[in-house]
Amino acid sequence: MISLNNISFFNKRVIVNSFNNYKRSFGTKPHNEESTMADTNHSFAHTLNLPKTTFSMKANAATREPTLLKDPYKLYKWQLENNKGENWVFHDGPPYANGDLHMGHALNKILKDIVNRYKVLRGFKVNYIPGWDCHGLPIEQQAFKKLKKSSDMKPSDIRKIAGDFARKEIEKQSKGFQELGILGDWENPYKTLDHGYEVEQIQTFYDMFNKGYIYRGVKPVHWSPSSRTALADAELEYNDNHTSKSIFVQFNVQSLSTHLKNQNLPTNEKISAIIWTTTPWTIPANQAICVNSEMDYVLVKPIESQQYKDQMFIISKERLEPLTKSFNLGELKVILEFKGEQLKGTITKHPQYDRISPIITGDHVIEGSGTGLVHTAPGHGVEDFQICQQYPEIKVLSPVNDLGLFTEEVGEKFVGLEVLGDGNEAVINDLENIGSLIHKENYIHKYPYDWRTKKPIIIRTTLQWFVGLKNIQQTALKGIERVNMVPPSGTNRLSSMVGRRTDWCISRQRVWGCPIPVFYNVKTNEALINDETINHIKELFGKFGSDCWFEMSTQQLLPPSYKDQHENFIKGMDTMDVWFDSGTSWRGVLVERGIIDRDTGKADIYLEGSDQHRGWFQSSLLTSVCVRDIEPYRNVVTHGFLLDENGIKMSKSIGNTIVPSTVIKGGPNKVQNPPYGVDLLRTWVASSDYSKDISIGPNILIKILDGIKKIRNTLRFMLASNFDFDPTIHSIPYEKLSPLDKYALHKVYKLQESVTRHYDQFQFQKVHSEIINFSIEISSFYFDVIKRHLYADSPNSHSRRSTQTVLFKVLDVMNIALAPITVHTSEDVFLHQYQFKNQGKGLDKGLIESSVFAQGWNLLSSQYENEKVSNQFTNVIAIRDVVNRVLQSMRTQGIIGRSDEAVLELKVTNEEIAPFYNDLFAINSQLDDIFCVSNVILNKFDSFEKGEEEEQQKQQQQQQQIEPNSKGEFIFNTVISNNNKQLGRVEVLLKISDKFKCPRCWRHTSIENEKVCKPCDSVLISISSFGNFLQSIPNDLIQLYLIIFNPTQFNTIQSNPIQFNSIQSNPIQSNPIQSNPIQSYLIQVLFWIRAKLRLWNLYIGMSVYKGPNLGKCSLKLSKSSDMTP
């Protein structure tokens, strides 16, 4: 009985054509007893195992990458469902939902994705929910652009337009992030405008309020006139070159302190306290003058000045000399010296208003600038406010409105003027007119600006909501110590910021934001906030979102028990600081979605720009510590910002920016801005030291491309060399590998070890550098050595399969190590590497399971770490470098073209510290390949005296070129050293080979011209014996085989079988039963079919019958699973 399971797709025409092609592949010349060395046919390419691959040298990234990328969302869901490791919670810091993606977005998201993809490969269940920060001024301004008339600016209209704009921007940015290959839950991102998120945010606010951390009070805050709102520290940026008008003003003394009264000072001369300020507009709000009690002060008289001849000035002693130069009044004669403490109690008069300015003391007064007497306006300075809190009699005056204009409190001459403009000049002019201005000058210094509007801010005292931080500072600082900061300097940076901060202003006077859920009594202005009000508001926010706060009346917003009292309350119109919004994301996302425990859970990592030490890192820490007494993260990684190639900060105004889309898809001019693709952009990120500011530009991208080409060429060589390798069949056990191949495995083991360590430590630049260096090293040595036996040995030789076994593992490690960085390239390599799967059809690239990221981080066996072999080849390579130097001299002088035109005589020492001879002798059969010459003769020095012929050695080592002797021999002697320690002696003798060039392997080892060498002859015989055997079989037997193979011939024969079962794969070596030529022939053909069609898992069973009719037999081909063509 003949049975062929699922083989009906075999077509007679296909079989005949394939088989005839197979016959032709062995050549058409009949094989006879004469050696193939007599073959004068120079075309031996068809007998070589030349590399083959469809993996192109050029990436064609812009075209091919989209076809290679596995859907980032589907892959994300797959790993959550299939990975068996621990959870890895990567909490995304939300970018602002405003504007196109810029290079900063790309840098940030790619860094995160490298971490996450590595963790996926390591078997973790990665939790990464992308997020967006949706509130704040930039988005609100989009609404203002549409609502041009102020009468149209209803809060509900502004919020609707702002919300729609934010959602549209999120959709656009999300698409861009996914095109970068960013793995994540793109179907369920978090947005700070989501109803559920806002519910958790106001609950966090209430929890902090209940614990006494949140309070309402009057304090100086950073105020942006351009934005018309208070700002937090994180919303400031500093202009290092801001120019202020600096003035020195005299405050006339009305009464001296007790100490100064007792000094018998002249009574006919006026005494003035000289203050200095860079904010002249704050002089109208001055309430006091501050000195340092421990500093030395002097009373001086300008004895050469006619204008001030009857006056004396109080200044600090340390500032006497520089002020003498600045005032340009001639000599300032010292009348009296005293401590600041002795000035306390002195009363001065405000130069512009009928009120006093007492002299008080404060530690914030320091030497080095000004006059040592600090103008103190508690309404416009944080330190001023704090000092004056110690003096209840000092009034807090802040005569500036929301727009930054003087109010009526300053009087008619200044009211309505802009304090940062005309108002500042008006104050200076007034002081000059009344004779109180001593000196004025421009002063360049660091000054805070609104990070959104890029305009200067002011300090202004207003009624706001604050988080008091004094009681949680120590807990927060201890929490920072437990966090792994990358780079480590982040610990000090964050600690110093938290340690200095006593209050956090969290209220904003904006419409677009999460409202502070508080009502106020219309008569007392007292806040109404309790369990009942918060629970009711949470219910409303859950249903309608925070828009309801602005759309519903106070009566609707109050809980039922307060409905009848609604006329006594108004709802507050302040919104929360956007840093409070994002700072509660640990709760609004991770806790709310059940990812971490509410009370003790932490994210594994936060990764953002270094500015987030004063932003999201800090606000997240503070809210978590206030609510739970713990930090919200285990690792905090920060990256720098972008610079152009000249180290200049990227700016649209300068015109030196580069956008990701231009790098990926190219610019309008493809020559000037070629399309590099996503992998190059990701490689740029990985190859940069992200802990510092990072440069990018055309020349940098070209260098990155060169590195990618090196790596790609290495990967391509391994793929092409393994075109006929199936590891499930052809792999050689480790103990049977050659020492050379074991050395390569040792090197790749060390590569995987170091790359794993660097990934674990978030050191991606080191990962990239290790891979580049490994690629160069393995190409220059191992690949150079193995090419001959890869190409010229018989296909199934032990040496070739040994090397292919190693190449497969090296390729696997390199590709997996690269995968988190070069996502698309690694997917492509993986598909090519595993082309042998599924009966040679390869992997289904449409399946997530066919992704390189579904394979895991396969750690190599520890037996591959072989220090003995490593030490051996360290010596071998050192000797090889010496030989290469001599070979190069031969090339330079035109003696040889290729190194295999030469033969080598090598004489070495055999010291215990460096057994050169033993190391080489152990691999004697491979020395020709290792030194890339046609023959090597190895000899040993009898002894080695360290330091012998030292001068001669030095001279030879310094030779730029080695000259031949009279016999045409190139001889070079040297001593190999390591760290100035002599290891052994090497003598190299190279000369032209006296043999002929083998037309097949090109080694100069043939004994006759145009004849193949003995090793190649042996290979050709093994190949041709089977090829000619096939040629000798008549075509009618092939037809007979096909007839029997045809399913229509089933059930034709049944008698006396001789059973044969086999799973061998090599048709050349298969010769199972010599006694029956037809049986043997059919077995050969079946194995050939199996190999040709790569049906490696095919089970072959055959029954051939004894008797007169040898042409009849039964066949059975079966497979454990369905076979599909």
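Residues numbered from 1 in each chain as written. Predicted model: local features only at pLDDT ≥ 70, side-chain atom pairs only at ≥ 80, totals over all residues. Heavy atoms only, no water.

Asker: So what's going on with empty space enclosed by the protein? Residues and values would help.
Answerer: Under the definition given, this model contains five cavities of 30 Å³ or more. The space that makes up the largest cavity amounts to roughly 100 Å³. What lines the largest cavity is a set of 16 residues, among which Gly136, Glu235, Arg508, Arg510 and Val578 lie closest to the centre. Secondary structure elements with two or more residues in the lining of the largest cavity: strand 7 (229–231) and strand 25 (575–576). With three residues, strand 7 is the single largest residue contributor to the lining of the largest cavity. Split by residue class, the lining of the largest cavity holds six nonpolar, five polar and five charged. (1 Å grid on protein atoms, 1.4 Å probe; cavity = no way out; pocket = protein on both sides within 12 Å on 5 of 7 lines; lining within 4 Å. Points joined across faces, edges and corners; volume = space filled by probe spheres on them. Helix = DSSP H or I, 4+ residues; strand = E, 2+ residues; numbered from the N terminus. Nonpolar A, V, L, I, M, F, W, Y, C, P; charged D, E, K, R; others polar.)

Asker: Explain the state of the cysteines to me, and be specific about the residues and the numbers.
Answerer: For the structure on display, the rule yields zero disulfides. The closest cysteine sulfur to the non-disulfide-bonded Cys1013 is located on Cys1016, 3.6 Å from its own sulfur. Owing to a relative accessible area of 2%, Cys1013 belongs among the buried residues under this scheme. (Disulfide = S-S within 2.5 Å. Buried < 20%, exposed > 50% of the residue type's maximum accessible area, 1.4 Å probe, protein only.)

Asker: Before we move on, could you go through the packing of aromatic side chains and cite the residues and values that matter?
Answerer: Within this structure, the stated rule accounts for 41 aromatic pairs. Relative to Trp276, the ring of Phe248 has its centre 6.4 Å away and its plane inclined at 35 degrees; by these criteria the two rings are tilted. Of this pair, Phe248 sits in strand 8 (residues 236–255) while Trp276 sits in strand 9 (residues 270–277), and the two are 28 residues apart along the sequence. Of the two residues, Phe248 and Trp276, both sit in the buried class. (Phe/Tyr/Trp six-rings, centres within 6.5 Å; stacked < 30°, edge-to-face > 60°.)

Asker: Tell me about helix 6 (residues 155–179), and please be specific about residues and values.
Answerer: Helix length check: helix 6, at 25 residues, gives a terminal C-alpha distance of 36 Å against a target of 36 Å (1.5 Å per residue), a fit within 8%. One or two steps after helix 6, the chain reaches Gly181, where phi turns positive at roughly 85 degrees. (Expected span 1.5 Å × (residues − 1).)

Asker: Could you give an account of the packing of helix 7 (residues 195–210) against helix 14 (residues 531–544), with specific residues and numbers?
Answerer: Helix 14 packs onto helix 7 with a crossing angle of 165 degrees between their chain directions and a minimal axis gap of 8 Å. Here helix 7 is positioned roughly antiparallel relative to helix 14, judged by the angle of their axes. As helix 7 packs across helix 14, the resulting crossing turns out to be right-handed. Of the residues in helix 14, those in contact with His195, Glu198, Val199, Ile202, Gln203, Tyr206 and Asn210 of helix 7 are Asp531, Ile534, Ile537, Lys538, Phe541, Gly542, Lys543 and Phe544. In the contact of helix 7 with helix 14, the residues fall into seven nonpolar, four polar and four charged. (Axes fitted to C-alpha atoms, helices over the stretch in contact; angles between N-to-C directions. Parallel < 35°, antiparallel > 145°, perpendicular 65-115°, else oblique. Left-handed = near helix turned anticlockwise from the far one by under 90°. Contact = heavy atoms within 4.5 Å.)

Asker: Explain the nonpolar core to me, and be specific about the residues and the numbers.
Answerer: Counting residues in hydrophobic clusters, the biggest one holds 146 residues, and the most contacted among them are Tyr782, Leu906, Phe931 and Leu990. Counting residues per element, this core draws most heavily on helix 25 (residues 764–792), which supplies 13 residues. Aside from chain neighbours lying at most four places away, what touches Phe931 is Ile879, Arg880, Val883, Leu887, Leu904, Leu906, Leu920 and Val936. Among the nonpolar cores identified, the runner-up in size contains 65 residues, and Ala232, Leu469, Val483 and Leu621 belong to it. (Core = buried A, V, L, I, M, F, W, Y, C linked by side-chain atoms within 4.5 Å.)

Asker: For the packing of helix 24 (residues 739–760) against helix 26 (residues 798–818), give the residues involved together with the corresponding values.
Answerer: Running from amino to carboxyl end, helix 24 crosses helix 26 at an angle of 10 degrees, the nearest separation of the two axes being 10 Å. Of the possible angle classes, the one that applies to helix 24 and helix 26 is roughly parallel. From helix 24, Asp741, Ala744, Leu745, Val748, Leu751, Gln752, Val755 and Tyr759 reach across to helix 26, where they touch Ser802, Thr803, Val806, Lys809, Val810, Val813, Met814 and Ala817. Across the contact of helix 24 with helix 26, the residue classes break down as 11 nonpolar, three polar and two charged.

Asker: How would you summarise the pattern of salt bridges if you had to cite specific residues and measurements?
Answerer: Tallying each qualifying case throughout the model produces 45 salt bridges. Two residues, Asp828 and Arg64, come together in a salt bridge whose shortest N-O distance is 2.7 Å. A residue pair is termed long-range when its members are at least 10 positions apart, and Asp828 in helix 27 (residues 823–833) and Arg64 in helix 2 (residues 61–68) qualify at 764 residues. The salt bridge involving Asp724 is made with Arg801; its shortest N-O contact spans 3.7 Å. (Salt bridge = Lys/Arg side-chain N within 4 Å of Asp/Glu carboxyl O.)

Asker: An account of unusual backbone geometry is needed here, citing residue identities and associated values.
Answerer: Of note, the bond from Val486 into Pro487 is cis; its omega dihedral lies within 30 degrees of zero at 0 degrees. Turning to its location among the elements, Pro487 is positioned in the loop between strand 19 (484–486) and helix 13 (489–500). At Arg228, a residue that is not glycine, the phi angle is positive and equals roughly 60 degrees. Of note, the phi angle at Phe762 is positive, near 60 degrees, even though the residue is not glycine. Among the structural elements, Phe762 can be located in the loop between helix 24 and helix 25.

The values reported here are purely geometric and, on their own, carry no functional implication.
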